[in-house]
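Spelled out, the chains give:
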Amino acid sequence: AIAIDPSMPTRLYAGTGGGVYEYLAIEPCVPGPTTLCLSGGRFKVITRWSTTGGQSGSGQAVALSGDTGYFTFFNPGNVEMLVKVLNACGLNSRFWTFAGGLTDVSVIMTVTDSQTGAVKSYTNPQGVPFQPIQDTVAFDTCAAGATGGARPYDGSAAGWLLPPSVTKSFRAGAPTACVANATTLCLNNARYKVQAQWLTRDGTSGAGRVLPLTSDTGAFWFFSPNNAEILVKVLDACVEPFNRYWVFFAATTNVEFTLTVTDTRTGQIRSYFNPLNNPASPVQDTDAFATCL
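Residues numbered from 1 in each chain as written. Predicted model: local features only at pLDDT ≥ 70, side-chain atom pairs only at ≥ 80, totals over all residues. Heavy atoms only, no water.

1. Some details on the overall build of the chain
Now for step 1: For the chain, the count of helices and strands is zero helices and 23 strands.
Now for step 2: When the 293 residues of the chain are sorted by exposure, 47% land in the buried category.
Now for step 3: Residue pairs at least 24 apart in sequence account for 57% of intrachain contacts in the chain once pairs closer than 6 positions are excluded.
Now for step 4: Taken as a whole, the chain presents about 13,100 Å² of accessible surface, with 53% of it coming from carbon and sulfur. (Helix = DSSP H or I, 4+ residues; strand = E, 2+ residues; numbered from the N terminus. Buried < 20%, exposed > 50% of the residue type's maximum accessible area, 1.4 Å probe, protein only. Contact = heavy atoms within 4.5 Å. Areas by Shrake-Rupley, 256 points an atom, 1.4 Å probe, with all protein chains shown as cover.)

2. Re the layout of surface pockets
Now for step 1: Roughly 350 Å³ of internal volume is contained in the largest pocket.
Now for step 2: In terms of lining, the largest pocket is formed by 20 residues, of which the most central are Leu86, Leu91, Trp96, Phe98 and Asn227.
Now for step 3: Top element by residues in the lining of the largest pocket is strand β8 (residues 79-88). It accounts for four residues. (1 Å grid on protein atoms, 1.4 Å probe; cavity = no way out; pocket = protein on both sides within 12 Å on 5 of 7 lines; lining within 4 Å. Points joined across faces, edges and corners; volume = space filled by probe spheres on them.)

3. As for the side chain of Asn227
Now for step 1: Here Asn227 is to be found in the loop between β18 (217-221) and β19 (228-237).
Now for step 2: Its relative accessible area of 14% is what places Asn227 among the buried residues.
Now for step 3: Discounting residues that sit within four places of it in the chain, Asn227 has contacts with Thr68, Lys84, Leu86, Trp221 and Phe222.

4. A word on the sheet that holds β19
Consider a sheet: its strands pair through backbone hydrogen bonds, and that pairing is either parallel or antiparallel.
Now for step 1: Spatially, five strands are ordered β17-β18-β19-β20-β23 in an open sheet, and the strand pairing comes out antiparallel. Two strands lie at the open edges of the sheet, namely β17 (209-212) and β23 (283-289), each paired on one side alone. Ignoring strand direction, the axes of neighbouring strands in this sheet form an average angle of 25 degrees.
Now for step 2: Of the strand pairs in this sheet, strand β20 (residues 244-251) and β23 are connected by four bridges, and their pairing is antiparallel. From the neighbouring strand, Phe248 faces β23, where its bridge partner is Gln284. (Pairing = 2+ DSSP bridges. Axes fitted to C-alpha atoms, helices over the stretch in contact; angles between N-to-C directions.)

5. Considering the confidence of the model for the chain
Now for step 1: On average, residues of the chain carry a pLDDT of 82, and 82% of them reach 70 or more.
Now for step 2: Every residue in residues 1-24 is under pLDDT 50, and counting partners more than four places away or in other chains gives 47 contacts.
Now for step 3: Low confidence marks residues 145-165, where pLDDT is under 50. Its contacts with residues over four positions away, or in another chain, come to 53 contacts. (pLDDT = per-residue confidence, 0-100.)

6. Focus on the pattern of salt bridges
Now for step 1: Per the counting criterion, the structure on display carries seven salt bridges.
Now for step 2: The shortest N-O distance in the salt bridge between Lys84 and Glu229 comes to 3.0 Å. Placement of Lys84 in strand β8 and of Glu229 in strand β19 is noted, with a sequence separation of 145 residues between them.
Now for step 3: Judged by its relative accessible area of 1%, Lys84 is buried.
Now for step 4: Close ionic contact of Asp135 with Lys120 constitutes a salt bridge, the shortest N to O distance being 2.8 Å. One end of the pair, Asp135, is in strand β12 (residues 133-139); the other, Lys120, is in strand β11 (residues 119-124), with 15 residues separating them in the sequence. Across the pair, exposure class does not vary: Asp135 and Lys120 are buried alike. (Salt bridge = Lys/Arg side-chain N within 4 Å of Asp/Glu carboxyl O.)

7. A look at the nonpolar core
One broad rule of soluble globular proteins: the nonpolar side chains tend to lie buried together.
Now for step 1: Residues Val194, Phe220, Phe249, Phe257 and Leu259 are the most contacted members of the largest nonpolar core, which totals 25 residues.
Now for step 2: When contributions to this core are tallied by element, the ones reaching two or more residues are β14 (185-187), β15 (192-199), β19, β20, β21 (256-263) and β23.
Now for step 3: Counting residues in each nonpolar core, the second largest holds 23 residues, with Ala99, Val107, Ile133 and Ala138 among its members. (Core = buried A, V, L, I, M, F, W, Y, C linked by side-chain atoms within 4.5 Å.)

8. Side note on the state of the cysteines
Now for step 1: The tally for this structure, following the rule as stated, stands at four disulfides.
Now for step 2: The disulfide partner of Cys29 is Cys37, and the S-S distance across this bridge is 2.0 Å. Here the disulfide of Cys29 and Cys37 is left-handed, its torsion about the S-S bond being about -90 degrees. Here Cys29 matches Cys37 in class, with each residue buried.
Now for step 3: Linked covalently through their sulfurs, Cys89 and Cys142 form a disulfide whose S-S length is 2.0 Å. Handedness here is read from the sign of the S-S torsion; for Cys89 and Cys142, about -95 degrees, the answer is left-handed. A residue pair is termed long-range when its members are at least 10 positions apart, and Cys89 in the loop between β8 and β9 (94-101) and Cys142 in the loop between β12 and β13 (167-172) qualify at 53 residues.
Now for step 4: Along the chain, the cysteines engaged in disulfide bonds are linked according to the scheme 1-2, 3-4, 5-6, 7-8 when indexed in sequence order. (Disulfide = S-S within 2.5 Å.)

9. Observations concerning the environment of Ala144
Now for step 1: Position of Ala144 among the secondary structure elements: in the loop between β12 and β13.
Now for step 2: Between the C-alpha atoms of Ala144 and Ser114, which are 30 residues apart in sequence, the distance is 10.0 Å.

10. Some points on the environment of Arg201
Now for step 1: Mapped onto the elements, Arg201 comes out in the loop between β15 and β16 (205-207).
Now for step 2: Judged by its relative accessible area of 69%, Arg201 is exposed.
Now for step 3: Taking the C-alpha atoms as reference points, Arg201 and Val255, separated by 54 residues in sequence, lie 7.5 Å from one another.
Now for step 4: What Arg201 contacts, discounting residues up to four positions off in sequence, is Leu276 and Asn277.

In structure tokens, the structure reads:
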């Protein structure tokens with residue numbers, strides 16, 4: 001027997017095993033300090049993080065667009081995760097979940113379809129650079145309300161693709177000022193110029209368009225401002241034993257792109273290349289710029 005709260009909207013879905021039914025509570029998504037409501041407000045996204053030192057908490061949510069948002073963990077100026085939920089009902093009859101992170105702490109991200117109650121959860125282990133999520137079979141709930149339309153999370157990692165490494169290169173240039181514009185981020189007190197170029201399978205190409213977030217962090221979109229593709233930050237680690245500026249980025253795309261980071265004071269340039277059709281690896285480059293002095 002299932003106890004149903006009459007004050008809460010609910011639905012019952014016929015199971016496939018001998019008439020077994022699954023009960024799913026239906027609750028609207030309400031945006032809040034720790035909750036994103038994405039894809040037209042339909043999908044609720046929350047995160048929990050924990051560190052090796054025993055710290056833990058809920059990710060603090062910031063909406064960027066109707067489909068995209070990000071989470072901070074320790075400091076509102078330090079973005080840790082980018083996430084988006086896309087309506088691909090016209091492509092493969094699914095809603096897609098994409099996420100990228102700039103962290104290696106333990107993270108559990110939970111995504112709930114508020115129209116059906118279907119839930120998927122994604123876990124990044126402690127000490128592992130956050131692996132990109134490009135789950136193109138996440139929610140088979142385009143026909144919300146149809147019998148069997150909800151599919152609760154079954155504990156599998158189907159559709160979670162672990163990508164190859166991004167290629168990094170180095171070159172030297174002339175010192176120049178960073179001027180922020182539609183295709184240029186100026187990070188870490190405007191010292192570092194960050195730009196992106198992308199290429200699709202059909203030969204379409206362009207410059208990444210900027211979504212400024214904080215003084216150290218920003219994002220780029222390629223095809224729509226609602227659909228962020230790269231989250232990047234440049235951090236000052238000019239203390240012993242590091243004495244470096246760090247470059248962290250994560251992408252929620254598998255198109256070809258080159259991310260270029262320039263130290264405008266020295267002219268040194270780091271370029272990171274992701275090949276076509278490969279979900280981009282997370283980059284946590286703690287040896288990026290030895291230019292603290």
